[in-house]
Each structure stands twice: as C-alpha cells, then as structure tokens.
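Listed below are the residues making up each chain.
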Amino acid sequence: MFTSPYALVEIPDLSIFDYLFGDLSESELDRTAVIDGFSGATLSYRTLVDQITRVAGALAEKGVGPGTVIGLLCPNTPEFTAVFHGILRAGATVTTLNSLYTPDDIQRQLDDSGATWLVTISPLLPGARAAAHAAGIPNECIVVIDGEPGHPSLADLLQADAAAPIVTIDPATHVAVLPYSSGTTAAPKGVMLSHRNLVANVQQARDLIGVVPEDKVLALLPFYHIYGMTVLLNLAFKQRAALVTMARFDFVEFLRMIQDHRCSYVFIAPPIAVAVAKHPLVESYDLSSVHTILSGAAPLDGALAAAVATRLNCRILQGYGMTEVSPVSHLIPIDALHLSRASVGVTVPNMDCRLVSTETGAEIEVPESGVSEPGELLVRGPNVMLGYLNNDQATRETIDADGFLHTGDIATVSALGEVTIVDRSKELIKYKGYQIAPSELEALLLTHPQIADAAVIGVADADGQEIPKAFVVIVAESALTADEVMTFVTERVAPHKKVRAVEFIDRIPKSASGKILRKDLRAQERAA
Ligand code: AYL
C-alpha cells in the first residue's frame, strides 16, 4: 500500500453549499464569482448566493427536496452555477447531462436516475422536452432557464421570493449529484456522490491545484462532467476566484477569451494541449496572463506538456482521477514542478492506493528506488463514491471489501510515490476526455442491415490522441464503405461518440464464450 506524501486534511461535516458559501466574508461577497465569457456579464458572490437561495426556496415551495432528482441539461453559463447549487441547497439531487446528447441519451438518463424535473435552456428544449415527456416529466416540471411559454423560467424562480428552505441532510450519506459513468464495465451508470464526497475532493485538491482569489479561471470544460463540476464549479468558488464561462468550445474563442478576460488559470483536456502547442493562431493573441494550465481526464504526453509550457511560458500540471472518485486522486501539484510531466503526480491527501497484478491479483510493492512493476491502481478515501445507483452488483465489482475502488487503469509507482498511468484494462474509450462505451457503438453498428459483426476499440490518431475505431464485418455481397459506416453512426449519436476510423475485416476475434477479444484487436492495430 502507498499513500499521499501530504498530511491529512480536515473534511468539514457540511453540505456542499455550507462548505462553499457558508463562511463568505463581507469583502468576499463583493468579489466577482462568474463572468459570462461571451457577453461579459458578471455575477458577484453576493448575487450568486442570493440566486442560489431563491432557486432553492422556489423549488422547495414546489415540493422539491431530499429524494427529488433533477436533470440539468445546460451548457456552461452563469445560470448553470446558480441553478446547480440551488438544487443542492434545496436538498435535492442533480443529475447532469451533456448538452450535446441525443433525445434517446437524455431519456435514458432521466429514466435511469428517476428524475422528476428537468432544467434546460430554450435552444435545447425541442429534444429535451420530447425526452422529458417520454420519461413522464410534465411541462410544469421542465424549467426553461431563459423562458418559454408554458414552462417555469429561472426568472420565475428568482422572483418567487420564497424563504430559504431549511433542510437537514447527512452530508456523508445524502446523494448530492448523479453524474453518469461507464466505470470499468460497459453501460453508463449513475455515480452516487455525497455532499461529503464533493467537500472532500475540494479539500484534498485545493492547496495542490493552487487557485487563488485573484485568479480568473477559464471554465471551458463542461460543468456537467465531474472535472468541470469539482475543479471549476466547486474548487474555484471555494478559493473565491472568478470563473469565466464558455458555453461552447471553439479554439479561436478560447484564445480570445483568455486574452480579453486576462484569464490566469486554464483547465484543459489533452486535445486542447495539442492545439495550444501547434496552432499558428496562438501567436496572434496575448496569452501572457496565463500562469498555469492543468490538463486532466486523459493521458498527456510529456513532450506535449513541455511544448505547451514553453510556448505559453507557464506551468503545466496534470490531474488524474475518475467520476467515481469525485474525481481527483492524483495530481502534479503547483509547487512540485520537478515531477515528470508524463506522470500523474502524487496521491492527494487522505487517500490510500494499492497496485495489484492483473494476472494474479497479488500486491505489487513500492520499490526502494526506481519504479515498480505495472499493476491495476486501487484507490480508497473520503472522495470515493457511495456506489452506483440501483446497481449493487456493479458497485461490488468496483469497490472491494476493504473499500478500495478498482480503477481499471494500469499504473506504476516510483519510490517517491510518483504514479504513472501506463495502460487501461477496462474497455472505456476516451475521446477528448469524454467517455465512450464501445459496447454502445457495437450495438448500434449491428443494427445496420449490411453489418454482420462489429467491434470498437480506442486507437491513437496522428497527434497521439485517442479516437474510436470500428472493425466491421459486412454481410456477403455488401459494398458498404467506411464513409457510409461513419455517417450511419454520426446520424445516431452525440458528436463525441462518432466513429472516426473504420476497418473491414473477415472475422471479429472472440473468446470461446463469445466475448470480443479487444486485446487482439489492439495488438493487431499496434502491429499495423
Ligand atoms: P472520467 N492520464 C491518463 N488517463 C486518465 C487521466 C490522466 N491524467 N485522467 C483520467 N484518465 C482516464 O470518469 C482513466 O482511464 O473522469 C480514468 O479511469 O471521465 C478515466 O479517464 C476516468 O474518466 C483532474 C481533472 C481528474 C480531471 C480528472 C478526471 C476526470 C475524468 C483530475 O484534475
């Protein structure tokens, strides 16, 4: 077993609202909490807390409280921040959805999570309403933030002038959020994160990430995903920094926002690092305000990290974790720049780790010098999820009797406790840091009348970034082309799940029990 090199941090026994906003001083209340990156409109901490409280009160008057699950389908905007924390303050549970989801994706998550309310914006309403109706949610429970006849709006909630609800919840057991993750098995599952999980991860990561009140933090990573939720929405607020929200990603807008708002701390995923290192337009913008970039959610190449740091003359840090861990378990901290950029740094405080052989399950020892053998990384701590919603079996398969969560990632650890992720033993594919379950794409491919069999794995593109590739067996006498296969998928899935490479083969390698041998496909791919 190995643990964090840092001393234990205290984890207050508070709801996430009380933890983040309960001790704001008068001068902090006057600071800017959120800046809409496109319009420049700002929200002070005082206004933010007032809006959160009004939203909570208005929802409570409508019967929302502990036990209610509310879907939140909204891009990164100042309104997201007030609604998200308003729902939590009312004692309800938020299940966040990707705003690029198809109506089917939305309905599946609303059904599975048991959501009885949905909050969205008018541009997303057509698909969202169809999904919500199919999930049994009536118009009066579909809040349209910017307003739409027949639906409550954010302005209605803010004007209701309801008293702040008095809710008592147990932070350790009350489910605050339900983001969806495939984990180490196929289908997306609701990840039950308690208020304590969320509070703990901010406490564990805040000193190591080192956001300070003077920082303007660019919030381009979506708040619906655990990275944006914890590291931007919660951690930046705890630090009394200002979030600059970016509702949709566009690289030129990204550069312009950093320049115009003088952003100082930028959180990214590796594909953005590729663009920052290579894109000619970078030279045309004044990015001198940036002192630190943190990359997380997928592997960051060491040379790429160095290229970004040199080009922007800033620090580059890396974070690793999982939705199931709220998410941060490992970090290259702000003051430990000697650590290899190719590692994911050290274990955050209050966590224990183990490495176990994927073949024998035996524990791999931390060496006295040098680097250990690779093994599956297991993590334990106050930020580990309560479990998967309505899925005890998946929970038992993921969290063992000793409380260790099996990450499905293969890592090594150095004598100094530096962890490097070297491979993934689970099937998950990550495209730009977003999860793709290969089985979902395989099932879709099999619905094509000319496809006899299919398998999907992650492969590296020319920049070393992971993309989903389909291996397809076509039926006799079919003249199906790779473009037709890709179009078929593109028309039916959210954009990040598109198949981006296709290879036709004669037979999908399978075990005797019929399981796809992805290992063999990966080996074949490496050999090609
Ligand atoms: P999920 N290097 C390699 N793989 C990574 C890394 C990394 N730095 N970070 C995440 N992964 C992979 O739930 C790994 O396979 O959470 C892991 O099991 O969408 C899986 O992604 C989890 O995917 C931060 C910022 C952690 C972000 C995150 C991770 C959020 C991704 C710490 O500071």
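Because the structure is a prediction, the values reported are computed rather than measured.

A.B. asks: Tell me what's going on with the layout of surface pockets, and back it up with residues and numbers.
C.D. replies: Its boundaries defined by the atoms lining it, the second largest pocket holds a volume of some 850 Å³. In terms of lining, the second largest pocket is formed by 34 residues, of which the most central are Leu 100, Leu 220, Pro 222, Phe 249 and Tyr 434. Looking at the lining of the second largest pocket, its residues break down into 24 nonpolar, 6 polar and 4 charged.

A.B. asks: So what about unusual backbone geometry? Which residues, and what values?
C.D. replies: In the segment running from Ser 326 into Pro 327, the intervening peptide bond is cis, with an omega of 0°. Structurally, Pro 327 can be placed in the loop between strand E15 (315-321) and strand E16 (328-331). Residue Asp 161 is not a glycine yet carries a positive backbone phi of 55°. Mapping Asp 161 onto the fold places it in the loop between helix H7 (154-159) and strand E8 (175-177).

A.B. asks: Help me get a handle on the packing of aromatic side chains, residues and values and all.
C.D. replies: On inspection of all chains with the given rule, the structure shows 9 aromatic pairs. Between Phe 17 and Phe 21, the aromatic rings sit 5.5 Å apart at their centres with planes inclined by 45°, giving tilted as the arrangement. On the criterion of helical spacing, the pair formed by Phe 17 and Phe 21 is a turn pair, its members being 4 residues apart in helix H1 (residues 16-21). As far as burial versus exposure is concerned, Phe 17 and Phe 21 are alike and both buried. Through a chain of ring-to-ring contacts, three or more aromatic side chains come together here, namely Phe 17, Phe 21, Tyr 45 and Phe 237. Positioned above the aromatic ring of Tyr 19, the side-chain terminus of Lys 238 is 4.2 Å from the ring centre. Between Arg 354 and the ring centre of Phe 404, over which it is positioned, the NZ or CZ distance is 5.7 Å.

A.B. asks: Quick rundown of the environment of Ala 132? Include the residues and the values.
C.D. replies: Mapped onto the elements of the fold, Ala 132 is located in helix H6 (residues 125-134). For Ala 132, a relative accessible area of 0% gives the class buried. Note: C-alpha distance between Ala 132 and Leu 110 (22 residues apart in sequence) is 7.3 Å. When neighbours within four sequence positions are excluded, Ala 132 is seen to be in contact with Leu 110, Leu 118, Ile 137 and Ile 142.

A.B. asks: Mind laying out the environment of Leu 154, listing which residues take part and the relevant values?
C.D. replies: One can find Leu 154 in helix H7. Considering only alpha carbons, one finds Leu 154 and Glu 79, 75 residues apart in sequence, at a separation of 8.2 Å. Once you skip the residues sitting within four places of it in the chain, Leu 154 turns out to touch Val 55, Glu 79, Val 83, Val 143, Val 144 and Ile 145.

A.B. asks: Quick rundown of the packing of helix H5 (residues 103-113) against H6? Include the residues and the values.
C.D. replies: Relative orientation of the contacting elements H5 and H6 amounts to 40°, with a least axis distance of 8 Å. Relative to H6, the element H5 is oriented oblique. The chirality of how H5 crosses H6 is right-handed. Listed contacts from H6 to Pro 103, Ile 106, Gln 107 and Leu 110 of H5 are Gly 127, Ala 128, Ala 131, Ala 132 and Ala 134.

A.B. asks: Pulling in residues and values, what's your account of the site of the ligand?
C.D. replies: In the vicinity of the ligand lie 21 residues, with Gly 319, Thr 323, Asp 409, Lys 426 and Lys 430 positioned nearest. Side-chain polar atom of Asp 409 to an oxygen atom of the ligand: 2.5 Å apart, as the coordinates give it. About the coverage of the ligand: the protein hides 99% of its 660 Å² of free accessible area. Counting only elements with at least two residues in the shell around the ligand, the list comes to strand E14 (292-296) and E15. No other element matches the 4 residues that E15 contributes to the shell around the ligand.

Rules behind the numbers
- Counting from 1, residues in each chain are numbered in the order their sequence is written.
- The predicted nature of this model means local features are confined to residues of pLDDT at least 70 and side-chain atom pairs, given and counted, to a pLDDT of 80 or more, with totals for whole chains, interfaces and linings taken over all residues.
- Side-chain measures were taken over the full set of non-hydrogen atoms in the model, leaving aside hydrogen atoms and water.
- Cavities and pockets are found on a 1 Å grid laid over the protein atoms alone: a cavity is a set of points where a 1.4 Å probe fits but cannot escape, a pocket is an open set with protein on both sides within 12 Å along at least five of seven lines, and a lining residue has an atom within 4 Å of such a point.
- Grid points are joined across faces, edges and corners, and a volume is the space filled by probe spheres set on the points.
- Just so you know the grouping, Ala, Val, Leu, Ile, Met, Phe, Trp, Tyr, Cys and Pro go in nonpolar, Asp, Glu, Lys and Arg go in charged, and all remaining residues, Gly too, go in polar.
- Only DSSP runs of H or I covering at least 4 residues are called helices, and only runs of E covering at least 2 are called strands; the numbering of each starts at the N terminus.
- Here a Phe, Tyr or Trp ring, Trp counted by its six-membered ring, pairs with any other such ring whose centre lies within 6.5 Å, and the pair is stacked when the planes are under 30 degrees apart, edge-to-face when over 60, and tilted otherwise.
- Throughout this description, buried means an accessible area under 20% of the type-specific maximum (1.4 Å probe, protein chains only), exposed means over 50%, and partly exposed covers the range between.
- Here, over-ring charges are defined by two tests on the NZ atom of lysine or the CZ atom of arginine: distance to the ring centre within 6 Å, and angle to the ring normal within 35 degrees.
- We call two residues in contact whenever any of their non-hydrogen atoms come within 4.5 Å of each other.
- The axes used here are C-alpha line fits, helices contributing only the stretch in contact, and every angle between their N-to-C directions lies in the interval 0 to 180 degrees.
- Roughly parallel means an angle under 35 degrees; roughly antiparallel means over 145; roughly perpendicular covers 65 to 115; every other angle is labelled oblique.
- The crossing is said to be left-handed when, going from far helix to near helix, the turn is anticlockwise and less than a right angle, and right-handed when the turn is clockwise.
- Residue proximity to a molecule or strand is established when one non-hydrogen atom of the residue lies within 4 Å of it.
- Polar contact is defined as a pair of N or O atoms within 3.5 Å, subject to the rule that within protein one atom must be able to donate a hydrogen and the other to accept it, and that residues adjacent in sequence are counted only when both atoms are side-chain atoms.
- Residue-level accessible areas treat just the shown protein chains as cover; the underlying method is Shrake-Rupley with a 1.4 Å probe.

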